[in-house]
Amino acid sequence: MNPLSTKDGGRRWLTTVGTKRPERLADVDDRITADEAFRLAVSGTGLVWYGDFPGARNLLAAMSRRCGTAAGKPFPDQRNQRSRRARILGRLLVPLDPGHVLPLRRGPDVREACAEVYGPSETASLVSLRELLGVVGAHEWRVKGVEIPALGARIHPHHGVFSPVRGEYVDLVARTPLPAKELAFDIGTGTGVLAAVLAHRGIERVVATDNEPLALACARENFDRLGYDGIEILETDVFPPGRAPLVVCNPPWLPARAHTPLERAVYDPGSRMLKAFLDRLPRHLEPGGEAWLILSDLAELLGLRRREELLDLFERSGLEVLGREDIRPRHRRADAKEVTSLWRLTTRAAPVPD
């Protein structure tokens, strides 16, 4: 092992999150200690692993333990710590031969998972082990699917599309009384789970929108699998043309910067999507119709937004609250105090002239 040279400097760099290929690469195997690997990764060196695959996973875990934690610190400090941790751990790399073949002893077959995300490959490549594990995990979810009791079926998320593992927001849409059944808009459809629930509840026509091609492809596949070929899919920023008596939106819940494409389903810098949705809603909601805005109060618990700010956004957009449905998250990683709410909104009636 020569820690200052590599035979794989010419391999193609694979990434879905826009990380840069480390400028310095070092060939390593199971002779390197976790302390040495961590020191090199912190210095910016990419470690190209040539031991067996379980050894790479063990080293990644050992390096993770050395990254420390920001538990109990303010939210910005926690995010900075997670970002630093991702950069360091992302420098443990594995080679892939043409066809996405993993040439490591006791390595899994990653060809199908990689082809789904990176496309076909006729050249050798390098990829972060951490990203590769995510790609393989996402492939397993895509094959297995996520059980949605409200549908009596499974939704199959794609890599890079937020998985509906937190089912409480789906339950809210499944149980809230419908104001009408002829038409509904699902804004920011993602996997398409809410649009599918609306169709399952008897909405005659559903228009699902998103501005992410990955999400649109995922939703289309799910609709086809479920037999909801009548759901219309439209790539657009927020609203489709026209008005509907029911508009549903589950925007990103936290007003902070996203570090990866997947995080855009959770983080909304400056509440851009939330504000755009509320501001434009009166032009797309039929008179007397309802908009269902689904939000967790996690942003309030983290000190990122006050409840008064949210209510002020409703007021400035000319909206009033008809009611609110609340549910406690069941996800094991959810904050014990967190509440997810479905806000029933409508346009405020214009004052009657004297």
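For the structure itself, consult the block above.
Here is what the cut-offs are and how they apply
- Each chain has its residues counted from 1, following the order in which its sequence is written.
- It should be noted that, the model being predicted, local features are given only for residues of pLDDT at least 70 and side-chain atom pairs only at 80 or more, the latter also being counted only at that level, while totals for whole chains, interfaces and linings use all residues.
- Only hydrogens and water are removed before side-chain values are computed, so all heavy atoms of the structure are retained for them.
- Axis definition: a line fitted to C-alpha atoms, over the contacting stretch in the case of helices. Angles run 0 to 180 degrees between N-to-C directions.
- Strands here are runs of E lasting at least two residues and helices are runs of H or I lasting at least four, both read from the DSSP assignment and numbered beginning at the N terminus.
- The contact definition used throughout considers only heavy atoms, calling two residues in contact when any of these lie within 4.5 Å.
- Polar here means any residue outside two lists: the nonpolar Ala, Val, Leu, Ile, Met, Phe, Trp, Tyr, Cys and Pro, and the charged Asp, Glu, Lys and Arg; Gly therefore counts as polar.
- A strand pair is defined by DSSP finding two or more bridges across the two strands.
- Working definition: rings of Phe, Tyr and Trp (its six-membered ring) pair if their centres are within 6.5 Å, and the pair is stacked with planes under 30 degrees apart, edge-to-face with planes over 60 apart, and tilted otherwise.
- Two limits define a charge over a ring: the Lys NZ or Arg CZ must be within 6 Å of the ring centre, and within 35 degrees of the ring normal.
- Three exposure classes are used, based on accessible area relative to the maximum for each residue type with a 1.4 Å probe and protein chains only: buried under 20%, partly exposed in between, and exposed over 50%.

A look at the packing of helix H9 (residues 272-280) against helix H11 (residues 307-316)
- Their axes nearest at 8 Å, the elements H9 and H11 cross at an angle of 35°. Mapping the contact onto sequence places Leu274, Lys275 and Leu278 in H9 and Leu310, Leu313 and Phe314 in H11.
- Its residues assigned to classes, the contact of H9 with H11 shows five nonpolar, no polar and one charged.

Considerations on the sheet that holds strand S10 (residues 232-235)
- Within the open sheet, the seven strands sit side by side as S10-S9-S8-S11-S12-S14-S13. Their pairing is mixed. At either margin of the open sheet sits one strand with a lone partner, and together these are S10 and strand S13 (319-327). Going from strand to strand, the sheet's axes swing by 20° on average, the running direction of each strand aside.
- Inspection of the sheet shows S13 paired to strand S14 (residues 340-347) by eight bridges, in the antiparallel sense. Residue pairing across strands places Asp326 opposite Ser341, the latter belonging to S14.
- Of the strands in this sheet, strand S9 (206-210) and S10 touch helix H8 (residues 213-226), which is tilted by about 175° from S10.
- Of the strands in this sheet, strand S12 (285-296), S13 and S14 are in contact with H11, which crosses S14 at around 25°.

A look at the packing of aromatic side chains
- Within the structure shown, the criterion is met by three aromatic pairs.
- Here Phe314 and Trp343 contribute two aromatic rings whose centre-to-centre distance is 5.4 Å and whose plane-to-plane angle is 65°, an arrangement assigned as edge-to-face. Here Phe314 is found in helix H11, whereas its partner Trp343 is found in strand S14, with 29 residues between them in sequence.
- In this arrangement the basic side chain of Lys144 is found over the ring face of Trp141, its NZ or CZ atom lying 5.5 Å from the centre.
- Looking at Arg324, its charged tip hangs above the ring of Trp343, at a distance of 5.1 Å from the centre.

Some points on the side chain of Thr176
- Take Thr176: it is sitting in the loop between helix H6 (168-175) and strand S8 (184-187).
- Among residues more than four places away in sequence, those in contact with Thr176 are Arg201, Trp292, Glu325, Leu342 and Arg344.

What about the environment of Gly230?
- Its location among the elements puts Gly230 in the loop between H8 and S10.
- According to the relative accessible area criterion, Gly230 is exposed, its value standing at 52%.
- It is 36 Å that separates the C-alpha atoms of Gly230 and Glu131, two residues lying 99 residues apart in sequence.

Any functional reading would require information that these geometric values do not contain.
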